[in-house]
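If you want the building blocks of each chain, they are given just below.
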Amino acid sequence: MTEAAAEPGNAHPVRYRDRVRRARTAVRLTRYADLASVRAARLGRTFRRRGPRLPPAVWDSLLPALLLLNIMTTRAPQEFPVAVALTAALALPLVWRRRAPLMVFGAVAAAAFVQWLMDVQLPADIALLVALYTAAANSGRRGTLVAGAIVEGGALLACLRWATEGAFLTPFVAVTAMVVAAAVLGVNARTTRAYLAALEERAARLEQQQDQQARLAVAEERTRITREMHDIVTHNLSVMVALTDAAVYAQHRTPDKATTAMLQISETGRQALTDMRRSLGVLRTDEPDAERHPLPGIAQLAALADQMCAAGLPTRAEIQGGHTHIPATAQLTVYRLVQEALTNTLKHTSTGTHAKVRIRCSTETVTVDVTDSGTRPPLPSATPSGHGIPGMRERAAAYGGKLQAGPLPDGGWGVHTRLFLGSSGAASA
């Protein structure tokens, strides 16, 4: 018994892990079945492509030609006209058996009945079995049963008339076995053809689904990279513009502060290049920068606050609770939310504004609050432009959170959201 299972509070995670393991196993088995279906359908297509190249009508004409040749070379001259006519009536309809299987079967059965009435035995009676096979392979269960009953009745009449005395049972059983075999082979051919058609349809559907999933993955990755680029470029450019203004203002009065601001601009630019290279590194297989520079998280919020202070926005960051258990993607979401909120404050508020960041971490949630004390100028239109707040809403929604952004009752602006770290949020991320 493991330690997790021994403690009462950990029983549910054990059951959850079992369910996840069983679900993954089921998904893996389904994928194997799908791959097997696709391969079987491809094998069927390959077999048909590499099979005989002659038209089907040529193959269907071989048996009638052989039967007619046999009659013309084996029959006596006085039997020749009747034998050739009956053989032609029995065998020639087989040329069109693929186009009209039931009509061909009816014509062959009628010719066989005329032959029985005329009391003539011919090798061309095998055409009845071929017509039965074709009818069974191209019709439903009812058509197969009717055709089999007709041929079996003809077999009974033939054995009654042409079987030697005392030897009725043996030829009747043999002919019946051939009738059943022809019908079973036809049904099996129909079933196999339907199964291969279903496999081909399933393979085509799976390929279409894979293409759709690939397009969705590309669109999702494009959206993610666009959101990352927006946050990185907007934040760092805003900081660099603020630092540049401060350096220009201080270059004559306090050269030391101007030098510090210029150095901070340089450091901000390098950091922006590093963040962009890291975000775009997933698009290049030979880019190791993502490994050398880990994703920013909650631990880097203090450095972000210092950066904002250097840009002219006094910022205080307060982190409550441990954050080491929070996944790296969730920490990146928290960092980007705070970064975007502080960037908006830096861009849209007046001088003297103070900002405060409060992060509360628990086992299942992370609460983000970013507030400032500044007033914002009214928007020129009723509909705000830009992608800052919509991008923040998308990031919060990935973890089941709802972003609230707007003016505070006591003045200033606030951004609030709560990210859920449970199964739903992780799955969405």
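Bear in mind the structure is a predicted one, so any value in this text is a computation, not a measurement.

Colleague: Help me out: how do you make sense of the environment of Gln 271 in this one?
Modeller: Structurally, Gln 271 can be placed in helix 9 (residues 255-280). Judged by its relative accessible area of 33%, Gln 271 is partly exposed. As for Gln 271 and Asn 236, which are separated by 35 residues in sequence, their C-alpha atoms are 8.2 Å apart.

Colleague: Even after reading the chapter, I still don't get helix 11 (residues 301-310), so can you show me in this structure?
Modeller: Helical geometry note: an α-helix holds 3.6 residues per turn, so side chains three or four residues apart project in the same direction. Within the span of helix 11, buried status applies to Leu 301, Leu 304, Ala 305, Gln 307 and Met 308. Along the axis of helix 11, the buried residues cluster in a sector spanning 160 degrees; they form a single face. Two residues or fewer after helix 11 comes Gly 312, characterised by a positive phi angle close to 105 degrees.

Colleague: Please clarify how unusual backbone geometry should be interpreted in this entry.
Modeller: Backbone geometry places Asp 119, a non-glycine residue, at a positive phi of 55 degrees. Mapped onto the fold, Asp 119 is located in the loop between helix 5 (101-117) and helix 6 (126-138).

Colleague: Which parts of the structure should I look at to understand the environment of Leu 263?
Modeller: Relative to the helices and strands, Leu 263 is located in helix 9. Between the C-alpha atoms of Leu 263 and Leu 243, which are 20 residues apart in sequence, the distance is 9.5 Å.

Colleague: Mind showing me how you'd approach the confidence of the model for the chain here?
Modeller: When pLDDT drops low, the exact placement of atoms in the prediction is not to be read closely. Chain-level pLDDT for the chain is 77 on average; 79% of the residues reach the 70-or-more range. By mean pLDDT, helix 1 (residues 3-6) is the weakest element of the chain at 38, and strand 2 (residues 355-361) is the strongest at 93. Overall, residues 1-17 carries pLDDT values under 50, and its contacts beyond four positions in sequence, including any with other chains, amount to eight contacts. Confidence drops under a pLDDT of 50 for residues 423-429, and excluding neighbours within four residues, the segment shows seven contacts in the predicted structure.

Colleague: Is there a simple way to explain the side chain of Gln 331 in this structure?
Modeller: Considering the arrangement of structural elements, one finds Gln 331 in helix 12 (residues 328-348). Not counting the four nearest positions on each side in its chain, Gln 331 is found in contact with Pro 296, Gly 297, Ile 298, Ala 299, His 323 and Ile 326.

Colleague: Sorry, what's going on with a nonpolar patch on the surface here?
Modeller: A surface patch of nonpolar side chains, amounting to about 680 Å² of accessible area, comprises Val 82, Phe 113, Val 114, Leu 117, Met 118, Leu 156, Leu 157 and Leu 160. Those elements giving two or more residues to the nonpolar patch turn out to be helix 5 and helix 7 (141-162). Tracing the chain through its elements places Phe 113 in helix 5.

Colleague: I would appreciate a short explanation of the packing of helix 8 (residues 169-250) against helix 13 (residues 388-397) in the present structure.
Modeller: Between two packed helices, what matters for the description is the angle formed by their axes and the separation of those axes. Contact pair helix 8 / helix 13: the axes reach a minimum separation of 11 Å and the direction vectors enclose 125 degrees. Viewed along their axes, helix 8 and helix 13 adopt a mutual orientation that is oblique. The chirality of how helix 8 crosses helix 13 is left-handed. Residues Thr 223, Arg 227, Glu 228, His 230 and Asp 231 of helix 8 pack against Gly 388, Gly 391, Glu 394 and Arg 395 of helix 13. Classifying every residue of the contact of helix 8 with helix 13 gives no nonpolar, four polar and five charged.

Colleague: Would you mind going over the packing of aromatic side chains with me for this structure?
Modeller: The geometry of an aromatic ring pair comes down to the distance between the two centres and the angle between the two planes. Per the stated rule, a full pass over the model turns up two aromatic pairs. Taking 5.4 Å as the distance between ring centres and 15 degrees as the angle between the ring planes, the aromatic pair formed by Phe 168 and Phe 172 counts as stacked. Look at Phe 168 and you get partly exposed, because its relative accessible area is 29%. Over the aromatic face of Trp 116 sits the side chain of Arg 161, whose NZ or CZ is 4.1 Å from the ring centroid.

Calculation rules
Residues numbered from 1 in each chain as written. Predicted model: local features only at pLDDT ≥ 70, side-chain atom pairs only at ≥ 80, totals over all residues. Heavy atoms only, no water. Helix = DSSP H or I, 4+ residues; strand = E, 2+ residues; numbered from the N terminus. Buried < 20%, exposed > 50% of the residue type's maximum accessible area, 1.4 Å probe, protein only. Arc of directions from axis to C-beta. pLDDT = per-residue confidence, 0-100. Contact = heavy atoms within 4.5 Å. Patch = residues over 30% accessible without salt bridge, like charges linked within 9 Å, V, L, I, M, F, W, Y side chains within 5 Å. Areas by Shrake-Rupley, 256 points an atom, 1.4 Å probe, with all protein chains shown as cover. Salt bridge = Lys/Arg side-chain N within 4 Å of Asp/Glu carboxyl O. Axes fitted to C-alpha atoms, helices over the stretch in contact; angles between N-to-C directions. Parallel < 35°, antiparallel > 145°, perpendicular 65-115°, else oblique. Left-handed = near helix turned anticlockwise from the far one by under 90°. Nonpolar A, V, L, I, M, F, W, Y, C, P; charged D, E, K, R; others polar. Phe/Tyr/Trp six-rings, centres within 6.5 Å; stacked < 30°, edge-to-face > 60°. Lys NZ or Arg CZ within 6 Å of the ring centre and 35° of its normal.

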